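# Structural description and commentary
So you can see what is in the structure, the chains are spelled out below.
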Amino acid sequence: MRQPPSIDAWGGGGFRVAGDWRPGSLLIIDDQPRDWAATALAELTPESFAEVFAATSTVEFVLLGTGLVNALPPRPVRDALKAAGVGLEFMSTEAAARTYNVLASEGRRLAAALIAV
C-alpha cells in the first residue's frame, strides 16, 4: 500500500516532510522525498528534471512549485516535459505543496518539484 509523504509545512527556505525538516528545494518522486538543486524558476533547465524523466513510467505529471508567485516555467522545460509525455502543472510553491497533499492522498502518481521559499 502506498504511503506518500505529507508536506506538513513550507517556508523559511525549506519544507517539513512527514515530520522531518528538509532545507532547500524539494523533489518527490515515487513517494520518495529528495533534495533538489533548483533555487529559482528562471534557472530551471530540462536537466533540472532528469530524475523525473528517469521515472516517466510511474509519473503522470509534474506539479511544479514556482516560488513565491506563480509564473510560467522556461519554454525549454515545458517543451522537454511535453516531448517526454509528462504533464506539467505549475503554481506558487505554497499552492503546490497544498495541492500535492490532496493529489497524493487520492493516489495520483505525480512528481512534486518545489522551489523553496
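Once a new chain begins, its residue numbering starts again from 1 and follows that chain's sequence as written. In view of the model being predicted, local features appear only for residues whose pLDDT reaches at least 70, and side-chain atom pairs are presented and counted only at 80 or more, with totals across whole chains, interfaces and linings using the full set of residues. To get the side-chain values, take all heavy atoms of the structure and skip hydrogens and water.

## Some details on the pattern of salt bridges
What counts as a salt bridge is simple: a side-chain nitrogen of Lys or Arg found within 4 Å of a carboxyl oxygen of Asp or Glu. A complete count under the given rule lists 7 salt bridges for this structure. Here D31 and R2 are joined by a salt bridge, their closest N and O atoms 2.8 Å apart. Here R2 lies in the segment before β1 (7-11) and D31 lies in the loop between β4 (25-29) and β5 (32-36), a separation of 29 residues in the sequence. Note that E51 is salt-bridged to R34, the shortest N-O span being 3.0 Å. Here R34 lies in strand β5 and E51 lies in helix α1 (residues 50-54), a separation of 17 residues in the sequence. Strands are runs of DSSP state E lasting at least two residues, helices are runs of H or I lasting at least four, and both sets are numbered from the N terminus onward.

## Description of the nonpolar core
Within the largest apolar cluster, 18 residues are counted, with the highest numbers of intra-cluster contacts made by W36, L44, F49, V52, V62 and L64. When contributions to this core are tallied by element, the ones reaching two or more residues are β4, β6 (61-65), α2 (75-83) and β8 (110-114). For this analysis, residues touch if any pair of their heavy atoms sits within 4.5 Å. Other than its neighbours up to four places away in sequence, V62 contacts F49, V52, L81, V86, G87, L88, E89, A111 and A113. In this text, buried Ala, Val, Leu, Ile, Met, Phe, Trp, Tyr and Cys residues form a nonpolar core when linked through side-chain atoms within 4.5 Å. A simple rule labels every residue: compare its accessible area, found with a 1.4 Å probe on the protein chains alone, to the largest value its type can have, and call it buried under 20%, exposed over 50%, or partly exposed in between. Ranked by size, the runner-up nonpolar core spans 17 residues in total, among them I7, F61, A112 and L114.

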